[in-house]
Amino acid sequence: MGKLITLILLVLLGVYLYRRMIRKRDAADTREAPAAEDMVRCKTCGVNLPRSEAILSGGRFYCCDEHRRADS
Ligand SMILES: [Zn+2]
């Protein structure tokens, strides 16, 4: 009887550890997502930069406010 309880506890522990590992892997995937961000090109100087850092104006991207003003 004692052996059976030990076996059940080991299985439950295995399932718990397995689920925790899956969750950790999913969390790591979402953290890596921003690294695969789209790159856009500054219309004035042609430098490539992440979309979140670019300045969007009139459907065009710029690396800085100076280049946005220089183009308009
Ligand atoms: Zn630029």
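Procedures and definitions
- Residues numbered from 1 in each chain as written.
- Predicted model: local features only at pLDDT ≥ 70, side-chain atom pairs only at ≥ 80, totals over all residues.
- Helix = DSSP H or I, 4+ residues; strand = E, 2+ residues; numbered from the N terminus.
- Rg over C-alpha atoms; globule rule 2.2 N^0.38 Å.
- Buried ≥ 20, exposed ≤ 12 C-beta atoms within 10 Å, placed from the backbone.
- Core = buried A, V, L, I, M, F, W, Y, C linked by C-beta atoms within 7 Å.
- Contact = placed C-beta atoms within 7 Å.
- pLDDT = per-residue confidence, 0-100.

As for the overall build of the chain
A count of helices and strands for the chain gives 2 helices and 4 strands. Of the regular secondary structure in the chain, the N- to C-terminal order runs α-β-β-β-β-α. At 25 Å, the chain has a C-alpha radius of gyration far larger than the 11 Å of a compact globule built from 72 residues. On the principal axes, the C-alpha backbone points of the chain span a range of 80 × 15 × 15 Å. Expressed as a percentage of its 72 residues, the buried residues of the chain come to 8%.

Regarding the nonpolar core
The nonpolar side chains of a soluble globular protein tend to be buried, and buried together. In this structure, Val40, Ala54, Phe61, Tyr62 and Cys63 together form the largest nonpolar core, which totals 5 residues. In contact with cysteine 63, other than residues within four places in its own chain, are Cys42, Cys45, Val47, Leu49 and Ala54.

A short note on the confidence of the model for the chain
Low pLDDT means the predicted coordinates in that region are not meant to be read closely. With 92% of its residues at a pLDDT of 70 or more, the chain has an overall mean of 89. Put simply, helix α1 (residues 2-32) is where the chain has its lowest mean pLDDT, 89, and strand β4 (residues 60-62) is where it has its highest, 96.

Observations regarding the environment of leucine 12
If you trace the backbone, leucine 12 turns up in helix α1. Owing to 10 C-beta atoms within 10 Å, leucine 12 belongs among the exposed residues under this scheme. Once the C-alpha coordinates of leucine 12 and aspartate 38 are considered, the two residues, 26 residues apart in sequence, prove to be 43 Å apart.

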